[in-house]
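Listed below are the residues making up each chain.
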Amino acid sequence: MSDPRRVAILGGTFDPIHLGHIAIAEQAVDGAGLEETWLVPSATPPHRGAASASAQDRLDMVQSAVAGHPRLRVLDIEVRRPGPSYTADTLRELEAGYPGAEFWIVLGADAARDIVTWHGREELLGRARFLLVNRSGVDRLAEADARRLGFDAGGRTLIIEVDSPAISATEVRERVAAGLSLDGLVPAAVAEIIAARGLYASEGAGGLVG
């Protein structure tokens, strides 16, 4: 199979990946007329504290979650790269590895509002394509809001509405720590990995894309 030409890039800690992430990944393809979504787990997230699960555990969970979703693919480029997982570095690596492909960086409305804190922000806003996602449980981002943040709304930036369950990775971790069921929150294969490896069992009440 040849590589697709128009691809959504959904990065995140995925600590763990949940059904909200899967809904966004699938609907990003349809919402912008793309071919696939590539999920990119971060190794060292620069905008939050250290992940609870290891990079390898999180990568394994994401790979198990996309099984049966032919339009979703997982890349390990940030897990393999040392240092903080910056989107600007990832985009350069993807463009070098897949010349001619058109990449769209997927951001939830909450993450989009934090763009002012990003490493390489000016480079990204000046040339990258963005797919901003309004989803359940987060204040909606309008085109005017996106423009004020520096996005090229209506040009290299599209805003889509996504019907996704209002799930957070924090909620999943806290339910694991409390010994509660994860039914309806994560794919069954992810729940199996969490149980088999004892992930999040000692989490206290703590701290998407999560």
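Residues numbered from 1 in each chain as written. Predicted model: local features only at pLDDT ≥ 70, side-chain atom pairs only at ≥ 80, totals over all residues. Heavy atoms only, no water.

**Details of the overall build of the chain**
Short version of the rule: Think of it this way: any DSSP run of H or I at least four residues long counts as a helix, any run of E at least two long counts as a strand, and we number them from the N terminus. Radius of gyration here is computed from C-alpha atoms only, and the compact-globule reference equals 2.2 Å multiplied by the residue count raised to the power 0.38. Per-residue and other accessible areas follow the Shrake-Rupley method at a 1.4 Å probe size, with only the shown protein chains counted as cover for residues. Counted as positive: Lys and Arg. Counted as negative: Asp and Glu, with His and the chain ends omitted from the count. The location of each charge is read from NZ of Lys, CZ of Arg, CG of Asp or CD of Glu.
Looking only at helices and strands, the chain has nine helices and six strands in total. For a compact globule of 210 residues, the expected C-alpha radius of gyration is about 17 Å, and the chain comes in at 16 Å, within 12% of that figure. Per element, the accessible surface of the chain, about 9300 Å² overall, is 50% carbon and sulfur. A gap of 4 Å separates the mean positions of the 21 positive and 29 negative side-chain charges of the chain.

**A look at the packing of aromatic side chains**
This is how it is decided: Side-chain rings of Phe, Tyr and Trp (the six-membered ring for Trp) are treated as a pair once their centres are within 6.5 Å; stacked means planes under 30 degrees apart, edge-to-face means over 60, and tilted covers the remaining angles.
Per the counting criterion, the structure on display carries four aromatic pairs. By way of ring pairs, the aromatic residues Trp38, Tyr98 and Phe103 are connected into one cluster.

**Concerning the nonpolar core**
Put simply, the rule is: By nonpolar core we mean a set of buried residues, namely Ala, Val, Leu, Ile, Met, Phe, Trp, Tyr and Cys, connected to one another through side-chain atoms within 4.5 Å. Partly exposed describes any residue whose relative accessible area lies between the buried limit of under 20% and the exposed limit of over 50%, with all areas from a 1.4 Å probe on protein chains only and scaled to the type maximum. Any pair of residues with heavy atoms lying within 4.5 Å of one another is described as a contacting pair.
Ranked by size, the top nonpolar core spans 36 residues in total, and within it Ile17, Leu39, Met61, Val106, Leu131 and Ile194 carry the most contacts. Every element with two or more residues in this core is listed here: β1 (6-12), α1 (19-31), α2 (55-65), β3 (72-74), β4 (102-108), β5 (129-134), α8 (169-177) and α9 (188-197). Among all residues touching Leu131, those that are not within four sequence positions of it are Ala28, Ala32, Leu34, Trp104, Ile105, Val106, Leu107, Leu158 and Ile160. In this structure, Val7, Leu107, Leu124 and Leu132 belong to the second largest nonpolar core, which totals 28 residues.

**Overview of the confidence of the model for the chain**
Using the following cut-off: The score called pLDDT rates the predictor's confidence residue by residue, from a low of 0 to a high of 100.
In this model, the chain carries a mean pLDDT of 91, and residues with pLDDT of at least 70 account for 94%. Of the regions scoring below 50 in pLDDT, residues 204-210 engages in 25 contacts with residues more than four places distant in sequence or in other chains.

**With respect to the pairing of β1**
Operational definition: Strands were regarded as paired on the criterion that DSSP finds at least two bridges between them. The path from the first strand over the helix to the second decides the hand: if it runs clockwise while the strands point away from the viewer, the crossover is right-handed.
Of all seven residues in β1, five are buried, a share of seventy percent or more. Pairing analysis gives four bridges linking β1 to β4, with the strands arranged parallel. Within β4, the position partnered with Ile9 by the bridge is Ile105. Note: β1 against strand β2 (residues 36-41), six bridges, orientation parallel. What sits directly across from Gly12, in β2, is Pro41. The parallel pair β1 and β2 is bridged by α1, and the resulting crossover is right-handed.

**With respect to the environment of Ala8**
Tracing the chain through its elements places Ala8 in strand β1. Not counting residues up to four positions away in its chain, the partners in contact with Ala8 are Ala28, Leu34, Glu36, Thr37, Trp38, Trp104 and Val106.

**So, α2**
An α-helical segment advances 3.6 residues per turn. Residues three or four places apart therefore align on the same side. The element α2 is largely enclosed, with a buried count of eight among its eleven residues. Taken together, the buried positions of α2 are occupied by Asp57, Arg58, Leu59, Asp60, Met61, Val62, Ser64 and Ala65. Contacts from the buried residues of α2 go to α1, β2, β3 and α9.

**Thoughts on the packing of α2 against α9**
Defined as follows: With axes taken as lines fitted to C-alpha atoms, and helix axes fitted only over the stretch in contact, angles between N-to-C directions fall between 0 and 180 degrees. The scheme is simple: roughly parallel for angles under 35 degrees, roughly antiparallel for over 145, roughly perpendicular for 65 to 115, oblique for anything else. By definition, any crossing whose near helix is turned counterclockwise from its far helix by less than a right angle is left-handed, and any crossing with a clockwise turn is right-handed. Residue type decides the class: Asp, Glu, Lys and Arg count as charged, Ala, Val, Leu, Ile, Met, Phe, Trp, Tyr, Cys and Pro as nonpolar, and the leftover types, Gly among them, as polar.
Interhelical geometry of α2 versus α9 gives an angle of 150° and a closest axis separation of 8 Å. Between α2 and α9, the interaxial angle falls into the category roughly antiparallel. For α2 against α9, the interelement crossing comes out right-handed. Mapping the contact onto sequence places Asp57, Asp60, Met61, Ser64 and Ala65 in α2 and Ala189, Val190, Ile193, Ile194 and Arg197 in α9. Its residues assigned to classes, the contact of α2 with α9 comprises six nonpolar, one polar and three charged.

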